[in-house]
Amino acid sequence: MKNYLQRMGRSIQLPVSVLPAAALLVGIGHWLPQKWAVAQFLQSGGNAILNNLAVLFAVGLALGMSKDKDGASALAGLVAYLVPSFVLAPKQVADLFKIKESAVDPAFAAIPNNVFIGIIGGLIAAAMYNRFHNTKLPMALSFFSGKRSVPIVTSVVMLLVSVLLLFVWPPVYTALIIFGKFIVGLGAIGAGLFGFFNRLLIPTGLHHALNQVFWFNAAGINDIGNFWASKGTKGVTGMYLAGFFPVMMFGLPAGAYAMYRNALPERKKETASLLLAGAFASFFTGVTEPLEFSFMFVAWPLYVLHAVLMGLSMWFAALMHWTAGFTFSGGLVDYVLSLRVPIANMPLMLLVQGLIFAAIYFFTFDFAIKKFNLMTPGREPIEVDEAMSIDFDEDDDKFMITAKKVYAGLGGYKNIKVVDNCTTRLRMQLVDSSTIDIPLLKSASAGVNVLDKTNVHIVIGTEVQFVADALSKLFEAKAPISKVESSNDIKEDTENVVSNGAITLLNSVSLGRLEKLEDVPDQTFSQKMLGDGFAIIPDENKVYSPVDGVITSIFPTKHAFGITTDSGLEILIHIGVDTVNLNGEPFDAVAQEGQQVKSGDLLVNVDFDAIKAADKKIDTIVIITNMDLVAELDFSDASGLVDKETKILKVTNK
């Protein structure tokens, strides 16, 4: 169901992308003097789209939800909308029941251009296409085989749906009218409930029925008509309109910014284009569909939150008797026009309320998206082209082979959201960590640490950056999973020259207290996933080289150094725990990559107080990452306070 809704959300973005253009045409038309022909022309152009939303949704969903996005599915979507829209129109219903058109239930007048009908039609058309587009009929009917059969089947199915709606639709529509009349008597609370249900019913299209009760004369309220005619009580007339302005002009654009902030880095550009256009349309014209439909189905809890906030805005504006009105929607154009209407009451305070609601929308949206991992625009999985394939190549180095094993173990592109790394670990953000292949991942790494539902750390070692780069290439190429080879096929690195039987002495890296590796508050190190060694809790703001060798790597954030000795040992000095998140601020590197160093040479000045202030541990770890070269480890009897001259460990090569 979740995947179906995500596909539905992505498909809806196709018709949604048309709406900002329509909103701008209408908005500009409203700004111009209404006597100008060009103003009416622009508004007509925009309304041509806005008044046919149901058709756009039917065609867009049918196309997007079909297996191969063929034009035949779009044609079926159009058929799926046209059938109930015509069959259930008042004139046809009157003919069916042999009654006068004036006696037909008013509910059927709401069927044409109903978004709910368009969505249902589009989904049914896509289902019919996916089921019947390969259907083979007998020779005499072969012309109608395959894709040509889809619109025919769809029309029959939609006739059956129309029969169901013939009896279901009127009571549903009538119930909304009765409910609307009831909450009129609740004052500000009623305004809040109206705002909540107005948003909540948008996916069904039934909000139009609710609007009839409050905005027009279906129940005697006529809030729009009375406001622009300045009839009624100042501070009361317009109470079912005013609360829309803070949300449409400020709240939703702020929510759009929160969604942009949470989009995946590689998708921010495309996400920005969609959300920026939607935010501008919402602010300027009050047309919110481009934003709302972008997350309505793919992140429905966020949409429920939006409905609640709309209700709160409507309630508060009505409670304070701040009123303004609109004829089209609650955007800047209508707001400015309504300022000069005599019955408007303290309308400028709606701008203050809008700023407050902007903050509320941003922080609540941001929290909800992160807390519940909601698939807002830019965070949802991208469809993978199944025709693509990757194979192991003779030119694949050991990093690419490892990356391919990790990629397959994680479930491929569909399960990966973000590829990141620190000094020794791949820090992966996934769609679902419960689906990963841990044995396969362990065959390519030193260890796997599943943190929660979406985060996994994979311990690679000091060469993690090269594996991360290779993994990013697979991820960005949206490569499908390929069958991985045995780990024995990884190419040997012949560049390291190993001295058999050589002895290497490792000293302390700072003045401080010696700590066993098992006591380090990080299981990657304490469980010796990367190798064996020791740790120092420093009492001075300097870290020195523990050994003679060449600095082969300095992590960009300067919290970790790799040194290779003449005998081929690879030594990692990792300063602090989880200090990669400090972005290098407490570290002032003195040594440089490629530099030859001696034991006791200064590597980096460190502000350990700043690390503590950031609530990070300062344990500084020294480990041998290529333990396969080690024949014997001999720890000294040193304990307690040590300095850079103190011998800690003697290593004998194989």
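Below or above, wherever it landed, is the structure these notes cover. (Residues numbered from 1 in each chain as written. Predicted model: local features only at pLDDT ≥ 70, side-chain atom pairs only at ≥ 80, totals over all residues. Heavy atoms only, no water.)

## A short note on the environment of Val450
Argument step 1. Summarising the element assignment, Val450 is placed in strand β3 (residues 447–450).
Argument step 2. Residue Val450 is classed as partly exposed on the basis of its relative accessible area, which comes to 37%.
Argument step 3. Taking the C-alpha atoms as reference points, Val450 and Ser433, separated by 17 residues in sequence, lie 7.1 Å from one another.
Argument step 4. The residues touching Val450, leaving out its near neighbours within four places in the chain, are Ser433, Ile436, Ile438, Asn455 and Val456. (Helix = DSSP H or I, 4+ residues; strand = E, 2+ residues; numbered from the N terminus. Buried < 20%, exposed > 50% of the residue type's maximum accessible area, 1.4 Å probe, protein only. Contact = heavy atoms within 4.5 Å.)

## A short note on a nonpolar patch on the surface
Argument step 1. Taken together, the side chains of Phe182, Leu186, Ile189, Leu200, Trp300, Val304, Val308, Leu312, Trp315, Leu319 and Met320 make up a nonpolar region of the molecular surface, amounting to roughly 980 Å² of accessible area.
Argument step 2. Put simply, the parts of the chain that give the nonpolar patch at least two residues each are α9 (188–200) and α15 (300–320).
Argument step 3. Per-element accounting of the nonpolar patch gives the leading share, 7 residues, to α15.
Argument step 4. With respect to the element layout, Met320 can be found in helix α15. (Patch = residues over 30% accessible without salt bridge, like charges linked within 9 Å, V, L, I, M, F, W, Y side chains within 5 Å. Areas by Shrake-Rupley, 256 points an atom, 1.4 Å probe, with all protein chains shown as cover. Salt bridge = Lys/Arg side-chain N within 4 Å of Asp/Glu carboxyl O.)

## Regarding the packing of aromatic side chains
Any aromatic ring pair is given by two values, namely how distant the centres are and how the planes are angled relative to each other.
Argument step 1. In this structure the tally under the stated criterion is 20 aromatic pairs.
Argument step 2. Ring geometry for Phe244 against Phe326: centres 5.8 Å apart, planes inclined by 85 degrees, an arrangement best described as edge-to-face. In this pair, Phe244 is assigned in helix α12 (residues 244–261) and Phe326 in the loop between α15 and α16 (332–338), connecting sequence segments 82 residues apart.
Argument step 3. Assessed through its relative accessible area of 1%, Phe326 is described here as buried.
Argument step 4. Consider the rings of Phe295 and Tyr303, whose centres lie 6.0 Å apart with planes at 50 degrees: the pair is tilted.
Argument step 5. Its relative accessible area of 3% is what places Tyr303 among the buried residues.
Argument step 6. Counting every residue linked through ring pairs, the aromatic cluster contains Phe194, Phe214, Tyr240, Phe244, Phe245, Phe326 and Tyr335.
Argument step 7. Directly above the ring of Phe132 sits Arg131, whose terminal nitrogen or CZ lies 4.9 Å from the centroid. (Phe/Tyr/Trp six-rings, centres within 6.5 Å; stacked < 30°, edge-to-face > 60°. Lys NZ or Arg CZ within 6 Å of the ring centre and 35° of its normal.)

## Regarding α12
Argument step 1. The end-to-end C-alpha separation of α12 is 25 Å, in line with the 26 Å expected for 18 residues at 1.5 Å each.
Argument step 2. The sharpest bend along α12 comes to roughly 35 degrees, located at Gly251, with the proline Pro253 sitting one to four residues further on.
Argument step 3. Most of α12 sits inside the fold, with 15 of its 18 residues counted as buried. (Expected span 1.5 Å × (residues − 1). Bend = angle between axes of the 7 residues up to and from the residue.)

## Here we look at the pattern of salt bridges
Argument step 1. One pass over the structure, following the stated rule, counts 8 salt bridges.
Argument step 2. Between Asp532 and Lys528 there is a salt bridge; the shortest N-O distance is 3.4 Å.
Argument step 3. Here Asp532 falls in the buried class, since its relative accessible area comes to 14%.
Argument step 4. Through salt bridges with shared partners, a single network forms among Arg427, Asp578 and Lys616.

## Focus: the nonpolar core
Argument step 1. Among the nonpolar cores identified, the biggest contains 96 residues, and Phe194, Phe214, Trp215 and Leu302 are the most heavily contacted of them.
Argument step 2. Ranked by the residues each element gives to this core, the list is headed by α12, at 11 residues.
Argument step 3. Not counting chain neighbours up to four residues away, the residues in contact with Leu302 comprise Met259, Phe295, Phe365, Ala368, Ile369, Leu374 and Thr376.
Argument step 4. Core analysis: the second largest hydrophobic core is formed by 32 residues, Ile563, Phe587, Ile648 and Leu649 among them. (Core = buried A, V, L, I, M, F, W, Y, C linked by side-chain atoms within 4.5 Å.)

## As for the sheet that holds strand β16 (residues 630–635)
Argument step 1. The 3 strands lie next to each other as β5-β18-β16, forming an open sheet whose pairing is antiparallel. With partners counted over all chains shown, the strands left at the sheet margins are β5 (503–507) and β16, one partner each. The sheet shows a mean angle of 20 degrees between the axes of neighbouring strands, taken without regard to direction.
Argument step 2. Taken together, the 5 bridges between β16 and strand β18 (residues 647–653) define a ladder with antiparallel strand orientation. Each bridged residue has a counterpart across the sheet, and for Phe635 the counterpart in β18 is Leu649. (Pairing = 2+ DSSP bridges. Axes fitted to C-alpha atoms, helices over the stretch in contact; angles between N-to-C directions.)

## Considerations on the sheet that holds strand β7 (residues 532–538)
Argument step 1. Read from one edge to the other, the open sheet built from 8 strands follows the order β13-β9-β10-β11-β15-β7-β6-β17, with strand pairing classed as antiparallel. In the strand order of this sheet, the two ends are held by β13 (596–597) and β17 (641–642), each with one partner.
Argument step 2. Strand direction decides the pairing type here: strand β11 (residues 570–577) and strand β15 (residues 617–624), joined by 6 bridges, are antiparallel. Residue pairing in the sheet places Leu572 in a bridge with Ile623 of β15.

## Regarding the packing of helix α4 (residues 53–65) against helix α5 (residues 71–87)
Argument step 1. Look at α4 against α5: their axes get within 7 Å of each other, and the N-to-C directions meet at 145 degrees. Crossing hand, α4 versus α5: right-handed. Residues Ala54, Val55, Ala58, Val59, Ala62 and Leu63 of α4 pack against Gly71, Ser73, Ala74, Gly77, Leu78 and Tyr81 of α5.
Argument step 2. The residue inventory of the contact of α4 with α5, partitioned by class, reads 9 nonpolar, 3 polar and no charged. (Left-handed = near helix turned anticlockwise from the far one by under 90°. Nonpolar A, V, L, I, M, F, W, Y, C, P; charged D, E, K, R; others polar.)

## Examining helix α20 (residues 464–476)
For an α-helix, 3.6 residues make a turn, and residues three or four places apart therefore share a direction.
Argument step 1. Over its 13 residues, α20 extends 18 Å from the first C-alpha to the last, a length consistent with the 18 Å expected when each residue adds 1.5 Å.
Argument step 2. The complete set of buried residues in α20 reads Val464, Val467, Ala468, Ala470, Leu471, Leu474 and Phe475. Viewed along the axis of α20, the buried residues span an arc of 165 degrees, placing them on a single side of the element. Seen from the buried face of α20, the exposed residues on the opposite side, beyond 90 degrees, are Lys473 and Glu476.
Argument step 3. Where α20 is buried, its residues contact α18 (398–410), β1 (416–421) and β2 (425–430).
Argument step 4. Of the residues flanking the end of α20, it is Lys478, one or two places downstream, whose phi is positive at about 55 degrees. (Arc of directions from axis to C-beta.)

## Points about the environment of Ala307
Argument step 1. Tracing the backbone through its elements, the reader meets Ala307 in helix α15.
Argument step 2. For Ala307 and Phe197, which are 110 residues apart along the polypeptide, the C-alpha to C-alpha distance reads 7.2 Å.
Argument step 3. Ala307 has contacts with Gly195, Phe196, Arg199 and Leu200, leaving out every residue within four places of it along the chain.

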